[in-house]
Amino acid sequence: MRQEKNLRLTSSEISVVWSSYQNNSFSICILKYFLANVDDPEIKSVLQLALNISVQNFNFSKEILQNDNQPLPIGFTDEDVSPNAPRLFSDSFYLYYLKNMSKVGLSVYGVALATAAHTDVRQFLSQAIQTSTELYNKTAEALLSIGLFVRPPYVTTPDHVDFVDKKSYLGGMLNLNNNNRPLNVIEITHIEANVEANSIGKALMAGLAQVAKSKKVRNYCTEGKEIAAKHVQVFTTMLTDDDLPSPMPWDLEVTDSTVSPFSDKLIMFHTTLLIASSISNYATASAASLRTDIATSYVRLTTEVAQFAKNGADIMIKNAWLEQPPQIPNHKGLAKG
């Protein structure tokens, strides 16, 4: 990478590179374990690609932080993973997990690029978007070839362009009489995506609840599984109420292993990533949904997830697992001596 002399990183640049360092150190641990417990050669090659990308992004993040004399995060190391632990998830789960992981990468890196000025950071983020795109396409091809790709429902649409001419298009806060207008394709897109994301989250939380060492972490993961299951039901009902099928991932097998491949610190960090992704997905979906009852449901579900996140943060703080992001000096406190 080319180092720009006398050009410090901005706050947004430090934020994305610091987060990338942490997140990719985490991903490396997860993918090492997945690779040690995969059977299908095609899925193994996609996992290897994902690991190579995470290692590359981790090294770039480290270099940028060091060039700016920023302290490196603790992140995660080989001490947080036991690749030789018994298999916990199925090969199919690995593919669905990678599909979701690449989608999150595209979103996070894409937003970050639009706030970056530093040449090295823009180069890094541009490459991260490109590799996330490659990973998504490789994962999608593998899912299609195995017959596991979850397609959103096919629908019949009008053969002409129309405009909204009645306020009733927005519907009411509650759908007690089931008299709201049918879903539009934008709303269906977000609902289906959230069914899939929560189905994967449910399987992940079920597995982590089995292997976590701490009782509080086990209980927390169990609660996360129950929340994900409930949210799947909420979104599924939105589709079935309009006589639409609710496609969802299948073969998300969780074995009966109780040997933990991950530290409890890594497990809790994993849940925070899921929660952040859910809140982001719900906010985007709510803004795109013109039916008031659907937008209201997203707000309600977001509130529930936010409370779950707070409980998780309390556990992490109590165990000194929550690493503090870089922050500015407390000038008011310094002025008071």
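Conventions adopted
- Residues numbered from 1 in each chain as written.
- Predicted model: local features only at pLDDT ≥ 70, side-chain atom pairs only at ≥ 80, totals over all residues.
- Heavy atoms only, no water.
- Helix = DSSP H or I, 4+ residues; strand = E, 2+ residues; numbered from the N terminus.
- Rg over C-alpha atoms; globule rule 2.2 N^0.38 Å.
- Axes fitted to C-alpha atoms, helices over the stretch in contact; angles between N-to-C directions.
- Left-handed = near helix turned anticlockwise from the far one by under 90°.
- Contact = heavy atoms within 4.5 Å.
- Nonpolar A, V, L, I, M, F, W, Y, C, P; charged D, E, K, R; others polar.
- Patch = residues over 30% accessible without salt bridge, like charges linked within 9 Å, V, L, I, M, F, W, Y side chains within 5 Å.
- Areas by Shrake-Rupley, 256 points an atom, 1.4 Å probe, with all protein chains shown as cover.
- Salt bridge = Lys/Arg side-chain N within 4 Å of Asp/Glu carboxyl O.
- Disulfide = S-S within 2.5 Å.
- Buried < 20%, exposed > 50% of the residue type's maximum accessible area, 1.4 Å probe, protein only.
- Polar contact = N/O pair within 3.5 Å; in protein donor to acceptor, adjacent residues only side chain to side chain.
- Phe/Tyr/Trp six-rings, centres within 6.5 Å; stacked < 30°, edge-to-face > 60°.
- Parallel < 35°, antiparallel > 145°, perpendicular 65-115°, else oblique.
- Core = buried A, V, L, I, M, F, W, Y, C linked by side-chain atoms within 4.5 Å.

### Concerning the overall build of the chain
Item 1. Scanning the chain for helices and strands turns up nine helices and zero strands.
Item 2. Traced from its N-terminal end to its C-terminal end, the chain shows the element sequence α-α-α-α-α-α-α-α-α.
Item 3. A compact globule built from 337 residues should have a C-alpha radius of gyration of about 20 Å, and the chain, at 22 Å, falls within 12% of that.
Item 4. With the C-alpha coordinates of the chain rotated into their principal frame, the extents come out at 60 × 50 × 40 Å.

### Let's talk about the packing of helix α2 (residues 41-67) against helix α3 (residues 91-113)
Item 1. Look at α2 against α3: their axes get within 10 Å of each other, and the N-to-C directions meet at 35 degrees. The chirality of how α2 crosses α3 is left-handed. Every residue of α3 that contacts α2 at Ile43, Val46, Leu47, Ala50, Ser54 and Asn57 is listed here: Asp91, Tyr94, Leu95, Leu98, Met101 and Tyr109.
Item 2. Per-class residue counts for the contact of α2 with α3 are nine nonpolar, two polar and one charged.

### Thoughts on a nonpolar patch on the surface
Item 1. Together, Val155, Val185 and Ile186 make up a nonpolar patch on the protein surface, roughly 230 Å² of accessible area in all.
Item 2. Its location among the elements puts valine 185 in helix α5 (residues 185-211).

### A closer look at the state of the cysteines
Item 1. Inspection of the entire model under this criterion finds zero disulfides.
Item 2. Cysteine 29 takes part in no disulfide bond, and the closest cysteine sulfur, belonging to cysteine 221, lies 16 Å away.
Item 3. A relative accessible area of 2% means that cysteine 29 is categorised as buried.

### Focus: the side chain of threonine 236
Item 1. As for its position among the elements, threonine 236 is in helix α6 (residues 215-240).
Item 2. Reaching out from threonine 236, the side chain makes a polar contact with the backbone oxygen of valine 232 at a distance of 2.7 Å.
Item 3. Contact partners of threonine 236, with chain neighbours within four places excluded, come to Val195, Ser246 and Met248.

### Regarding the packing of aromatic side chains
Item 1. Taken as a whole, this structure holds 17 aromatic pairs when the rule is applied.
Item 2. With a centroid separation of 6.2 Å and an interplanar angle of 65 degrees, the aromatic rings of phenylalanine 26 and phenylalanine 76 are classed as edge-to-face. On the criterion of sequence distance, the pair formed by phenylalanine 26 in helix α1 (residues 11-36) and phenylalanine 76 in the loop between α2 and α3 is long-range, its members being 50 residues apart. Of the two residues examined, phenylalanine 26 and phenylalanine 76, each falls in the buried class.
Item 3. Ring plane angle 35 degrees and centroid distance 5.6 Å describe the contact between phenylalanine 235 and tyrosine 298, whose orientation is recorded as tilted. Residue phenylalanine 235 is located in helix α6, and its partner tyrosine 298 is located in helix α8 (residues 292-318); the two are separated by 63 residues in the primary sequence. For the pair formed by phenylalanine 235 and tyrosine 298, the shared burial category is buried.

### Focus: the packing of α5 against α6
Item 1. Contact geometry for α5 and α6: axes closest at 8 Å, N-to-C directions at 155 degrees. Viewed along their axes, α5 and α6 adopt a mutual orientation that is roughly antiparallel. The element α5 and its partner α6 pack so that their crossing is left-handed.
Item 2. Of the residues assigned to the contact of α5 with α6, the class counts are 14 nonpolar, eight polar and three charged.

### Digging into unusual backbone geometry
Item 1. Unlike most non-glycine residues, aspartate 243 shows phi in positive territory, near 60 degrees.
Item 2. Tracing the backbone shows aspartate 243 in the loop between α6 and α7 (264-288).
Item 3. Look at alanine 320: it is not a glycine, yet its phi comes out positive at around 60 degrees.
Item 4. Checked against the element boundaries, alanine 320 lands in the loop between α8 and α9 (331-335).

### Focus on the side chain of asparagine 194
Item 1. Following the sequence through the fold, asparagine 194 ends up in helix α5.
Item 2. Judged by its relative accessible area of 3%, asparagine 194 falls in the buried class.
Item 3. For asparagine 194, the side chain forms a polar contact with the main-chain oxygen of histidine 190, separated by 3.0 Å.
Item 4. In this view, asparagine 194 contacts Phe235, Asn281, Tyr282, Ala285 and Tyr298; residues no more than four positions away in its chain are not counted.

### So, the nonpolar core
Item 1. Judged by nonpolar contacts, the single largest core of 86 residues is most densely connected at Phe34, Leu47 and Phe93.
Item 2. Sorting the residues of this core by element identifies α1, α2, α3, α4 (119-146), α5, α6, α7 and α8 as the ones contributing at least two each.
Item 3. When sequence neighbours within four positions are dropped, the list of residues in contact with leucine 47 reads Leu31, Phe34, Leu35, Val38, Tyr94 and Leu98.

### A few points about the pattern of salt bridges
Item 1. Enumeration according to the criterion identifies eight salt bridges in this entry.
Item 2. For the salt bridge of aspartate 78 with lysine 32, the shortest nitrogen-to-oxygen distance reads 3.0 Å. You can see aspartate 78 sitting in the loop between α2 and α3 and its partner lysine 32 sitting in helix α1, a full 46 residues away along the chain.
Item 3. Aspartate 91 is the salt-bridge partner of arginine 87, the closest N and O atoms lying 2.9 Å from each other.
Item 4. For aspartate 91, a relative accessible area of 13% gives the class buried.
Item 5. Counted as one network, the salt bridges with shared partners bring together Asp39, Arg87 and Asp91.

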